[in-house]
Amino acid sequence: HSFPTRRSSDLSTLLFPVGNVVPSQRGSQSFTISNNSDFQITGYLKNMHFQDIKSDSIIPLTDQSILIETATYLKSIADKHKKKLMVYTLADADTNKDQKIDENDIQSLYISQLTGKNFTKISADFNELIDWKVIDSNARLYYKTIEDTDKNGQLDQNDQVQYYYVDLLKEDWKSIAYFPLKK
């Protein structure tokens, strides 16, 4: 574990990034978080743990083997719609079949409450996340993926770009396909 971090706009939850420990030059051990802003943590994290400041219990995000690249607090949605949510980009499967889950595997999109509860995959399996964006006015998270149609772990010209949105105000986060390039 590292030291906890706390979102400045929500003082009730502590986040503990969990990563692989690597020896440093001075003999101490640590892991790297490449960016820790008020609203996003980036790096190669194995998990995140959450603690309500009024409790001693620390709850892991998941018991799955994953590699989190970004964890983003949706501050604008919290401010405007009073929903405290986190969005994660991560690898959750060994899609390139090299016996490990790492940054070379397909990136997926997940969402949870700020407390880590309801950790939910919203992108489909074998769909590499290209990008995502939140639109505050309609409280939707839009994202696009490229589908690995032959499931070989390699993205090529036979694969297709897919477009989706998720209504962040709904209790169950379901991806809805849309077709912006349809003629």
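Structure: above.
Predicted model only: the values in this text are computed from it and were never measured.

*Asks:* Got a minute to help me understand the pattern of salt bridges in this structure?
*Replies:* Proximity of charged atoms lets side chains of opposite charge pair with each other. Evaluation of the coordinates by the stated rule reveals six salt bridges. The closest approach of N and O atoms between Lys75 and Asp79, which form a salt bridge, is 2.5 Å. Placement of the pair is Lys75 and Asp79 together in helix H1 (residues 75-81), with a separation of four residues, close to one helical turn. Residue Asp79 is classed as partly exposed on the basis of its relative accessible area, which comes to 41%. Across the pair Asp125 and Lys121 runs a salt bridge, and its minimum N-O distance is 2.5 Å.

*Asks:* Where do I start with the environment of Ser175 in this structure?
*Replies:* Turning to its location among the elements, Ser175 is positioned in strand S15 (residues 175-178). Note: C-alpha distance between Ser175 and Lys121 (54 residues apart in sequence) is 9.7 Å. With residues near it in sequence (within four places) discarded, Ser175 still touches Ile122, Tyr143, Tyr164, Tyr165 and Val166. Reaching out from Ser175, the side chain makes a polar contact with the side chain of Tyr143 at a distance of 2.5 Å.

*Asks:* Looking at this structure, how should I read the environment of Asp136?
*Replies:* Within the secondary structure, Asp136 is located in the loop between strand S12 (127-135) and strand S13 (140-147). Considered as a pair, Asp136 and Ala78 are 58 residues apart in the sequence and their alpha carbons are 9.8 Å apart. In this structure Asp136 touches Ser76, Ile77, Lys80 and His81, once residues within four positions along its chain are discounted.

*Asks:* How should the sheet that holds S15 be read in this particular structure?
*Replies:* Two modes of strand pairing occur in sheets, parallel and antiparallel, and in both the strands are linked by backbone hydrogen bonds. The strand order S12-S13-S14-S15 describes an open sheet built from four strands, whose pairing is antiparallel. The sheet is open, and its two edges are formed by S12 and S15, each paired on a single side. Ignoring which end each strand starts from, the neighbouring axes of this sheet average 30 degrees apart. Across four bridges, strand S14 (residues 160-167) lies against S15 in antiparallel orientation. Within S15, the residue paired with Tyr163 across the bridge is Tyr178.

*Asks:* Honestly, the pairing of S14 in this entry has me stumped. Any pointers?
*Replies:* A regular strand places its side chains so that they alternate between the two faces of the sheet. As paired strands, S13 and S14 are joined by eight bridges and run antiparallel to one another. Bridge pairing in S14 places Glu147 opposite Gln160.

*Asks:* How should I be thinking about the packing of aromatic side chains in this particular structure?
*Replies:* Given two aromatic rings, their pairing is described by the distance between the two centres and the angle made by the two planes. Using the criterion set out here, one finds seven aromatic pairs in the structure. Taken together, a centroid distance of 5.2 Å and an interplanar angle of 20 degrees make the contact between Tyr143 and Tyr164 stacked. Of this pair, Tyr143 sits in strand S13 while Tyr164 is found in strand S14, placing the two residues 21 residues apart along the sequence. Grouping residues by exposure puts Tyr143 and Tyr164 together as buried. Between the aromatic rings of Tyr165 and Tyr178, the centroid separation amounts to 6.2 Å while the plane-to-plane angle is 50 degrees, which identifies the pairing as tilted. Separated by 13 residues along the polypeptide, Tyr165 in strand S14 and Tyr178 in strand S15 bring together distant segments of the chain. Classification of Tyr165 as buried rests on a relative accessible area of 17%.

What counts, and where the lines are drawn
Residues numbered from 1 in each chain as written. Predicted model: local features only at pLDDT ≥ 70, side-chain atom pairs only at ≥ 80, totals over all residues. Heavy atoms only, no water. Salt bridge = Lys/Arg side-chain N within 4 Å of Asp/Glu carboxyl O. Helix = DSSP H or I, 4+ residues; strand = E, 2+ residues; numbered from the N terminus. Buried < 20%, exposed > 50% of the residue type's maximum accessible area, 1.4 Å probe, protein only. Contact = heavy atoms within 4.5 Å. Polar contact = N/O pair within 3.5 Å; in protein donor to acceptor, adjacent residues only side chain to side chain. Pairing = 2+ DSSP bridges. Axes fitted to C-alpha atoms, helices over the stretch in contact; angles between N-to-C directions. Phe/Tyr/Trp six-rings, centres within 6.5 Å; stacked < 30°, edge-to-face > 60°.

Such coordinate-based values are descriptive only and should not be taken to indicate function.
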